[in-house]
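# Reading the structure
Okay, here's what each chain looks like letter by letter:
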Amino acid sequence: MTIPAKHQSAYVERLTPRTLFERADALLELMKECRICPRECGARRLEGRYGVCHATDQVFISGAAPHFGEEPVLVGRHGSGTIFFSSCNLKCLFCQNYDISHLRSGQPITTGELAALMLSLQAMGCHNINLVTPTHFTAQIVQALARATERGLHIPIVYNCGGYESVETLALLDGIVDIYMPDIKYSDNRMAKKWSGVSDYWDVVRLAVKEMHRQVGDLRTDGWGIARRGLLVRHLVLPTTLPVRKRCSSLLRDSFRLRHTSTLWISIIRPSKPGICRRSTVGYVWTSTIALLGTHGRWVCIAALVMNKPAFGVNIHHQH
């Protein structure tokens, strides 16, 4: 489905800066005894205490720039305006940004500076603001967004996360986020515990992705093929059994009631950590993709990657 290129982002159309500040205040409340993410660690982050994510209320970022390595519908001609946040609420052993997420590489930034950075990326021509690993800094991001909106920010907001999200937090982002891009890393809690340090990932991600889809619906692009609003799922190909992969397919198909005319955009990614996913062949990723997509509804696989490099064509349609 296409929408007009001049379509306003959700936070511009539906919300005022005042409302954004109010949402930020509500999110800050969740940080007093932190339950901003499903870990609900209870850390007093506003008092400078560290949560399980190894973050206080001080925002750290490792970098920001137009990014041309993301999914094609985000990159376009001028790139995705990517902001990498330090730390993470997951502990993935295969993380390709290990130094950022685990070792907290980065520099402190105020919400005013973050707002200016968003505006700078927009001025460079970026098609969106792509928030990478934003979960633990959601409140401060919304504060910055409110400031940036007052100064003319209008491009879509991409919430690029690991899928381990609190529905309570997501509800406060309704009308703010234009494009949700969650991972679905696992459909087996034992695998999640082993490789990401959480024992309830599958239980959490099922509810989170449903809430994301409720808010933004199917992914829609403009006349130039640039994503403007909707859900884009990343699925990680791990050495799992066929039933495990099919559980992901069932979640996506059944949750969104995919029909002949429905489209779900999905990006298939293989982790790059040696020893965790030993089979790196294109064929393995291909068969895993077919196992995930199945034959129900219409699916568009926009990127299939092996070791984070293109593995095969970007437009794969399965339609009954």
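Residues numbered from 1 in each chain as written. Predicted model: local features only at pLDDT ≥ 70, side-chain atom pairs only at ≥ 80, totals over all residues. Heavy atoms only, no water.

### A few points about the overall build of the chain
- Of the regular secondary structure elements, the chain holds 11 helices and 12 strands.
- Here the chain holds 320 residues, and the buried ones make up 58% of them.
- Within the chain, contacts between residues separated by at least 24 positions form 70% of all contacts whose residues are at least 6 apart in sequence.
- Here the chain displays about 13,400 Å² of accessible surface, and carbon together with sulfur accounts for 52% of that area. (Helix = DSSP H or I, 4+ residues; strand = E, 2+ residues; numbered from the N terminus. Buried < 20%, exposed > 50% of the residue type's maximum accessible area, 1.4 Å probe, protein only. Contact = heavy atoms within 4.5 Å. Areas by Shrake-Rupley, 256 points an atom, 1.4 Å probe, with all protein chains shown as cover.)

### What to know about the pattern of salt bridges
- The tally for this structure, following the rule as stated, stands at 12 salt bridges.
- A salt bridge links Glu168 to Arg35; the shortest N-O distance between them is 3.2 Å. Here Arg35 lies in the loop between α2 (17–32) and β1 (60–67) and Glu168 lies in helix α7 (residues 167–171), a separation of 133 residues in the sequence.
- You can call Glu168 partly exposed: its relative accessible area is 37%.
- Here Lys185 makes a salt bridge to Asp183, at a shortest N to O gap of 2.8 Å. A single burial state applies to Lys185 and to Asp183, both of which are buried.
- Sharing partners across several salt bridges, the network here consists of Glu33, Arg44 and Glu47. (Salt bridge = Lys/Arg side-chain N within 4 Å of Asp/Glu carboxyl O.)

### Focus on the packing of α2 against helix α6 (residues 138–150)
- It is the contact of α2 with α6, at a shortest axis distance of 8 Å, that shows an interaxial angle of 165°. In terms of orientation, α2 and α6 fall into the roughly antiparallel class. Crossing handedness for the pair α2 and α6: left-handed. Here Pro17, Leu20, Phe21, Arg23, Ala24, Leu27, Leu28 and Met31 of α2 come into contact with α6, specifically with Thr138, Ala139, Gln140, Val142, Gln143, Leu145, Ala146, Arg147, Thr149 and Glu150.
- Of the residues assigned to the contact of α2 with α6, the class counts are 11 nonpolar, 4 polar and 3 charged. (Axes fitted to C-alpha atoms, helices over the stretch in contact; angles between N-to-C directions. Parallel < 35°, antiparallel > 145°, perpendicular 65-115°, else oblique. Left-handed = near helix turned anticlockwise from the far one by under 90°. Nonpolar A, V, L, I, M, F, W, Y, C, P; charged D, E, K, R; others polar.)

### Remarks on the state of the cysteines
- Scanning all chains against the criterion turns up 0 disulfides.
- Summary of cysteine pairing: Cys34 is not part of a disulfide, and the nearest cysteine sulfur, belonging to Cys41, is at 5.0 Å.
- There is no disulfide at Cys161, and the cysteine sulfur nearest it, in Cys88, is 9.6 Å away.
- On the basis of relative accessible area, Cys161 is assigned to the buried category, the value being 4%. (Disulfide = S-S within 2.5 Å.)

### Description of the packing of helix α5 (residues 111–123) against α6
- For the pair α5 and α6, the least separation of the axes is 8 Å and the interaxial angle reads 60°. Comparing their axes, α6 and α5 come out oblique. Here the hand of the crossing between α5 and α6 comes out right-handed. Of the residues in α6, those touching α5 at Thr111, Gly112, Leu114, Ala115, Met118 and Leu119 are Gln140, Ile141, Gln143, Ala144, Leu145, Arg147 and Ala148.
- Of the residues that constitute the contact of α5 with α6, the class distribution is 8 nonpolar, 4 polar and 1 charged.

### Notes on the pairing of β1
- Where β1 and strand β3 (residues 107–108) come together, 2 bridges link them in antiparallel fashion. When the sheet's bridge partners are listed, Ile61 is paired in β3 with Gln107.
- By the bridge criterion, 6 bridges tie β1 to strand β2 (residues 80–85) in an arrangement that is antiparallel. Looking across to β2, one finds that Gly63 is bridged to Phe84. (Pairing = 2+ DSSP bridges.)

### Re the environment of Met212
- By secondary structure assignment, the location of Met212 is in helix α9 (residues 201–216).
- The residues contacting Met212, other than those within four sequence positions of it, are Cys161, Glu165, Leu170, Tyr180, Pro182, Gly217 and Leu231.

### A word on the side chain of Ser86
- Mapped onto the elements of the fold, Ser86 is located in the loop between β2 and α4 (98–101).
- Among the polar contacts made by the side chain of Ser86, one reaches the main-chain carbonyl oxygen of Ser105 at a distance of 2.6 Å.
- Look past the residues within four positions of Ser86 in its chain and what remains in contact with it is Phe60, Ile61, Ser62, Ile100, Arg104, Ser105, Gly106, His136 and Phe137. (Polar contact = N/O pair within 3.5 Å; in protein donor to acceptor, adjacent residues only side chain to side chain.)

### Description of the confidence of the model for the chain
- Considering every residue of the chain, the mean pLDDT works out to 82; 73% of them sit at 70 or more.
- Contacts of residues 258–262 to residues separated by more than four positions or lying in other chains number 13 contacts, the stretch itself having pLDDT below 50.
- Counting interchain partners and residues more than four positions distant, the pLDDT-below-50 stretch residues 302–320 has 64 contacts. (pLDDT = per-residue confidence, 0-100.)

### What about the environment of Leu15?
- Looking at where Leu15 falls in the secondary structure, it is placed in the loop between α1 (10–14) and α2.
- Residue classification places Leu15 among the buried residues on the basis of a relative accessible area of 12%.
- C-alpha separation for the pair Leu15 and Ile176, spaced 161 residues apart in sequence, amounts to 7.8 Å.
- Setting aside its immediate chain neighbours within four residues, Leu15 contacts Ala10, Leu20, Arg23, Asp174, Gly175 and Ile176.

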